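# Architecture at a glance
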Amino acid sequence: MTLPPDADPNPSGTAEHADAIEKFGYTQELNRTLTFSDLLIYGLIFMVPIAPFAIFGSVFQQSGGMVALAYIIAMVGMMFSANSYAQMAQAFPMTGSVFTYVGRGTHRGAGFVAGWMILLDYILVPALLYLAAALAMASFVPGVPVWAWVIVFVVLNTVINYFGITLTARVNKYMLIAELIVLAIFLVIGLWAVASGRGHFSFDAFFNPHTFTFAIVFGAASIAVLSFLGFDAISTLAEENTGTSKQLGRSMVFSLLIVGALFVVQTWVAAMLVEDPATLIAKGDVAGTAFYDAAAFAGGPWLGVLTAVATAIAWGFADAMVAQAATSRLLFAMARDRQLPKFLRHVNRKHKVPTNATFLVAAISLAIGIPLASIPDGLTVISSLVNFGALTAFLMLNVAVVWWFAVKHRSRHWFLHLIFPVLGFLVLVAVVWNAQVAAQTLGFIWLGLGIILAIVLGARGRLRDPLSMQAADTADGDTVGD
């Protein structure tokens, strides 16, 4: 089998040198300092081990109480997509996530559309996280408006990200330890409360024959999947990874497995502590406090406050910090390929971070987060849009894996390169199909705009290989930055 010049000569994953991106037409500009443990922690922080705290009520209502089942379905779909990410990361060891993988695995135009769809996820995710954190803080500090908390979190994270990925990784480790401690406290007290008769022991969170329908559980999974978004962001750090691209893929899979187990356990325990499940299913969780209420029911008001504070810090500080970093890398990669404005490819020489992209993400987060703070169901609306963008990009990624490996190069690794991607595609189609109608409508409008832009970029010659665009970059006088 002969591979084209822009492909990894061994996509099955032998160790490649850290400067492997040069053969793809790029120059190493970002700082390679992240180890396997850094990547793993980054993924765990992005997915947030206590992520269900913030959206537990919404998933509980949408699933008819089968919240653990919704998370299991979401995890299965994400596991198949994680395999696709791992395979493409080995073939194309560079930043850019699905933009890079779909573009090089199928067609540059398709890659732009995939990048455009994941942008709907990456650009909105920081705003979503800031809003969730602000709502949590406002639940016990009502004197400070929600929009003010949004500003505080945005400024703090932007400063940390500006000083480089090494500082970000160091902060991540401490935040992860703190989140796991809070989760352990909740689980111990929650299980003790159930054993003492304060809760109602049952497996209804996994299956309830009175409320079960495929539409209900897959619709709930379309919200629950929000908690898993983040393993894919590890791929944006490919050019800051000190190890091999195979190591990059392993960190995605391991982080997904770990948080998946944590999500299922904590939602099951919380479901057994809901005082009035029927009312929560009927009326929903407009205030977003269902989990905190369950915690307070189990251990007293202090536990409710602790879980709310932990959610605010985890979502608004730790998670939003890495989300901002991932989004800035995606914008940098697309701008480097001349598919977004070139000012976004500016890299600070001292800190080796894409500063303009980082500041842009902060500005967008403020522009979106502050107005949504005044909308009662703002968190649900933005959650649905984030999920639609990510899942659509994942669908394209699974197709790219089949095309690149099974069709184009006739790989005989049937499970890795055909069966798993197809299964992942089918599960995600079911989830997207059962998503909220509003999210589908706005999502397809965004998709249509992406297709139009891809056509325009193709007509202007912006979808060429980076090797063929180096002369144009030199002519433009584009430099790395100061």
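Just so you know, these numbers come straight off a predicted model, no measurement behind them.

## A short note on the side chain of Thr-358
Mapped onto the secondary structure, Thr-358 falls in helix α13 (residues 355-372). At 2.9 Å, the side chain of Thr-358 forms a polar contact with the backbone oxygen of Pro-354. Those residues in contact with Thr-358 that sit more than four places away from it in its chain are Thr-158, Asn-161, Gln-324 and Ser-328.

## Focus on the nonpolar core
Of all hydrophobic cores here, the largest spans 159 residues; its most connected members are Met-78, Trp-315 and Phe-394. Element by element, the count of residues in this core is highest for helix α5 (residues 108-138), at 22 residues. Not counting the four nearest positions on each side in its chain, Phe-394 is found in contact with Met-78, Ser-81, Tyr-85, Ile-118, Leu-229, Phe-231, Asp-232 and Leu-428.

## Describing helix α6 (residues 146-162)
For an α-helix the count is 3.6 residues per turn, leaving residues at separations of three or four pointing the same way. End to end, α6 covers 25 Å across 17 residues, agreeing with the expected 24 Å (1.5 Å per residue, within 8%). Among the residues of α6, Val-146, Ala-148, Trp-149, Val-150, Phe-153, Val-154, Asn-157, Thr-158, Ile-160 and Asn-161 are the ones counted as buried.

## A few points about a nonpolar patch on the surface
On the surface, Val-399, Trp-414, Phe-415, Ile-419, Val-422, Leu-423, Phe-425, Leu-426 and Val-429 cluster together into a nonpolar patch covering about 770 Å² of accessible area. For the nonpolar patch, the element with the most residues is helix α15 (residues 414-433), which contributes 8 residues. Mapped onto the fold, Trp-414 is located in helix α15.

## Notes on the confidence of the model for the chain
Mean pLDDT over the chain: 81, with 85% of residues reaching 70 or higher. Contacts from residues 1-18, a stretch scored under 50 in pLDDT, to residues over four places away or in other chains number 37 contacts. Within the model, the stretch residues 468-482 combines pLDDT values under 50 with 23 contacts to residues more than four positions away or in other chains.

## Focus: the side chain of Gln-266
Relative to the helices and strands, Gln-266 resides in helix α9 (residues 245-271). For Gln-266, the side chain forms a polar contact with the main-chain oxygen of Leu-262, separated by 3.0 Å. Those residues in contact with Gln-266 that lie beyond four places of it in its chain are Pro-49, Ile-50, Pro-52, Phe-53, Leu-183, Phe-186, Leu-187 and Phe-291.

## Thoughts on the packing of α5 against α13
The interhelical angle for the contact between α5 and α13, taken along N-to-C directions, is 50 degrees, at an axis separation of 8 Å. On the basis of their axis angle, the class for α5 and α13 is oblique. Considering only the axes of α5 and α13, their crossing is right-handed. Contacts between α5 and α13 pair Ile-123, Leu-124, Pro-126, Ala-127, Tyr-130 and Leu-131 from the former with Val-361, Ile-364, Ser-365, Ile-368, Gly-369 and Leu-372 from the latter.

How each quantity is defined
Residues numbered from 1 in each chain as written. Predicted model: local features only at pLDDT ≥ 70, side-chain atom pairs only at ≥ 80, totals over all residues. Heavy atoms only, no water. Helix = DSSP H or I, 4+ residues; strand = E, 2+ residues; numbered from the N terminus. Polar contact = N/O pair within 3.5 Å; in protein donor to acceptor, adjacent residues only side chain to side chain. Contact = heavy atoms within 4.5 Å. Core = buried A, V, L, I, M, F, W, Y, C linked by side-chain atoms within 4.5 Å. Buried < 20%, exposed > 50% of the residue type's maximum accessible area, 1.4 Å probe, protein only. Expected span 1.5 Å × (residues − 1). Patch = residues over 30% accessible without salt bridge, like charges linked within 9 Å, V, L, I, M, F, W, Y side chains within 5 Å. Areas by Shrake-Rupley, 256 points an atom, 1.4 Å probe, with all protein chains shown as cover. Salt bridge = Lys/Arg side-chain N within 4 Å of Asp/Glu carboxyl O. pLDDT = per-residue confidence, 0-100. Axes fitted to C-alpha atoms, helices over the stretch in contact; angles between N-to-C directions. Parallel < 35°, antiparallel > 145°, perpendicular 65-115°, else oblique. Left-handed = near helix turned anticlockwise from the far one by under 90°.

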